[in-house]
Amino acid sequence: MGGQGYRKMVAVSVGLAVFASGCSSGKEAAPPSGEPQGKASGEPVTITFFTAQNSVYAQEAGFENEIGQYIKRKFPNVTIKHIHKATGQDYPDLIAAGTIPDIVLESSGNILSKLKELDLAEDAAGLIKKHQFDLGRLDEASVAQVRNANPDGQLYGIPFTLSNIILFYNKDLFDKFGVPYPKDGMQWDEVYDLAKKLTRTVDGISYKGLSAHPGVMMGYNQLSLTPLDLKQNKAAVNTTEWKTLVENFKRFYEIPGNEYTNIDDFPKGQMAMAVHVAEKVTSWYNANKDLKFDIASPPSFKEVPGTGMQPNTYSLFVTKNSKYKDQSFQIVQHLLSDEVQSELSKQGIVSPLKSKAVRELYGKNMPQLNGKNTGAVYFSKNAQPPAPRAPGLVYYSVNTSKIFDNMFKGGMDLNTSLRSVEEEANQAIQQLVTQKGGK
């Protein structure tokens, strides 16, 4: 997913730990802060940096604030040519013009459809080993998300920032109706009980108990489900597991008065709880600076207690055709240092680092988070992503939000909606297979 709002297994975790250990081995230990070993060259060089995601980078000031300034301080010999995705400035346009980016910032969900499809992706293992970058410093789920996005198991990029999902709540409404505030570590059943108590109409004003963004809740679901079959060119939505997932959220919208609505109505003050990405601490605050809100960890399923959502990961990729791979990787390495990540954390940007010190700095420079439960952002363990799909399969982005649209806008029952979404996806998948000459 693009935009500011959307910063998308034991065996996998063990594999990552082994890989991280192997990559950080060498005659010299990797710096604990993740700092580069040294500049590959002191000669002037121009690095093309393409931001394909995150609307904040559409303005150069946004890029400078979160990325550019840190590169300039560390690498005075490097000139950054920044290009943000726009009409006439997308991947095909750059390739056609011969402007191949050295570094790409992209959502991990677009690895196959963008970087791999356009032959820009390359396994970063060699650069990781050469520059002694310690993968063990990073959240395992975010690394697995990058690795599992492709069937060959190669790690094309390094997670840079995450978009963790949290529970927002309106303290005024809880106070008004005498209901205890949500706490970290709650399960969905407990939050469902709160939503029922807070959904009511008083003095002609309707108050909703809870809303969530269907696309976020499905796409980064806590049960690690994928809408695509792992071994065949078909969708896998009409399943018992998906039914369990959808039923959990469906029941909230069946509470009388808590109808399916726009989650961005939360700042208006008539919604008690909302589950969304942590970046909303900025946009919702700007929409209503008088809103008395706080945050808690996302509710978990009883099947996976203490497990939050899968992170929506923005990663940095050194491209296959870059002429400055070492310099580019050292820039990536610096942006993942404790120093830079600490500064970003203060701005309310969720870090992929496991460092407790970095995490404790979250939101320190944001007045709207003063006194808030900022530890909620990292309270839950991030859910693992689905396993990688088999090689040779086509990729199709299944519109799982349509499951809810069918039910609450089209009047379908759950089973019919799941079947409809799966059938529609299968038709599109077969068209892609035919276009590629498969069967």
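Residues numbered from 1 in each chain as written. Predicted model: local features only at pLDDT ≥ 70, side-chain atom pairs only at ≥ 80, totals over all residues. Heavy atoms only, no water.

If you look the protein up in an unreviewed UniProt entry, it shows as Extracellular solute-binding protein from Paenibacillus solanacearum.

Engineer: Residue-level account of the overall build of the protein, with values.
Structural biologist: A tally of regular secondary structure across the protein gives 17 helices and 10 strands. With the C-alpha coordinates aligned to their principal axes, the bounding extent of the protein is approximately 70 × 55 × 45 Å. Looking at the protein as shown, the accessible area adds up to about 18400 Å², and 49% of this sits on carbon and sulfur atoms. Seen as two clouds, the 48 positive and the 46 negative side-chain charges of the protein have centres 1 Å apart. (Helix = DSSP H or I, 4+ residues; strand = E, 2+ residues; numbered from the N terminus. Areas by Shrake-Rupley, 256 points an atom, 1.4 Å probe, with all protein chains shown as cover. Lys, Arg positive; Asp, Glu negative; His and termini not counted. Charge placed at Lys NZ, Arg CZ, Asp CG, Glu CD.)

Engineer: Please provide a residue-by-residue account of the pattern of salt bridges, values included.
Structural biologist: Using the criterion set out here, one finds 19 salt bridges in the structure. Put simply, Glu-140 and Lys-354 hold a salt bridge, and the shortest N to O gap is 2.9 Å. Highlighted residues: Glu-140 in helix α6 (residues 140-148) and Lys-354 in the loop between α13 (338-346) and α14 (356-360), separated in sequence by 214 residues. Exposure remark for Lys-354: the relative accessible area of 36% places this residue in the partly exposed category. Where Lys-402 meets Glu-424, a salt bridge forms, and the shortest distance between an N and an O atom there is 2.9 Å. Note that Lys-402 is positioned in helix α16 (residues 401-408) and Glu-424 in helix α17 (residues 414-435), a separation of 22 residues in sequence. For Lys-402, a relative accessible area of 27% translates into the label partly exposed. (Salt bridge = Lys/Arg side-chain N within 4 Å of Asp/Glu carboxyl O. Buried < 20%, exposed > 50% of the residue type's maximum accessible area, 1.4 Å probe, protein only.)

Engineer: Residue-level account of the nonpolar core, with values.
Structural biologist: Counting 50 residues, the largest nonpolar core has Met-217, Val-246, Met-273 and Ile-403 as its most contacted members. Those residues in contact with Ile-403 that lie beyond four places of it in its chain are Val-237, Trp-242, Val-246, Ser-417, Leu-418 and Val-421. Phe-49, Leu-138, Ile-331 and Ile-349 belong to the second-largest nonpolar core, a separate cluster that totals 48 residues. (Core = buried A, V, L, I, M, F, W, Y, C linked by side-chain atoms within 4.5 Å. Contact = heavy atoms within 4.5 Å.)

Engineer: Requested: an account of the environment of Ser-315, with residues and values cited.
Structural biologist: On the secondary structure map, Ser-315 appears in strand β10 (residues 312-318). Distance from Ser-315 to Leu-138, taken between C-alpha atoms, is 12 Å for residues 177 residues apart in sequence. Polar contacts involving the side chain of Ser-315 include one to the side chain of Ser-108, which spans 3.0 Å. (Polar contact = N/O pair within 3.5 Å; in protein donor to acceptor, adjacent residues only side chain to side chain.)

Engineer: Talk me through the sheet that holds strand β9 (residues 293-296); I want residue IDs and the actual numbers.
Structural biologist: The strand order across the open sheet built from 5 strands is β6-β7-β8-β5-β9, with neighbouring strands paired in mixed fashion. Across the chains shown, the open sheet's two edge strands, defined by having one partner strand only, are β6 (200-202) and β9. On average, each strand axis in the sheet is tilted by 25° relative to the strand beside it, whichever way the strands run. By the bridge criterion, 5 bridges tie strand β5 (residues 165-170) to strand β8 (residues 271-277) in an arrangement that is antiparallel. Residue pairing in the sheet places Tyr-169 in a bridge with Met-273 of β8. This element, helix α11 (residues 280-287), spans β5 and β8 of the sheet and lies at about 140° to β8. (Pairing = 2+ DSSP bridges. Axes fitted to C-alpha atoms, helices over the stretch in contact; angles between N-to-C directions.)

Engineer: Tell me about the packing of helix α2 (residues 60-74) against helix α12 (residues 325-335), and please be specific about residues and values.
Structural biologist: At their nearest, the axes of α2 and α12 sit 10 Å apart, and the two run at 115° to each other. Relative to α12, the element α2 is oriented roughly perpendicular. Crossing geometry of α2 relative to α12 is assigned as right-handed. Counted together, Ile-67, Tyr-70, Ile-71 and Lys-74 of α2 and Ile-331, His-334 and Leu-335 of α12 form the full contact between these two elements. (Parallel < 35°, antiparallel > 145°, perpendicular 65-115°, else oblique. Left-handed = near helix turned anticlockwise from the far one by under 90°.)

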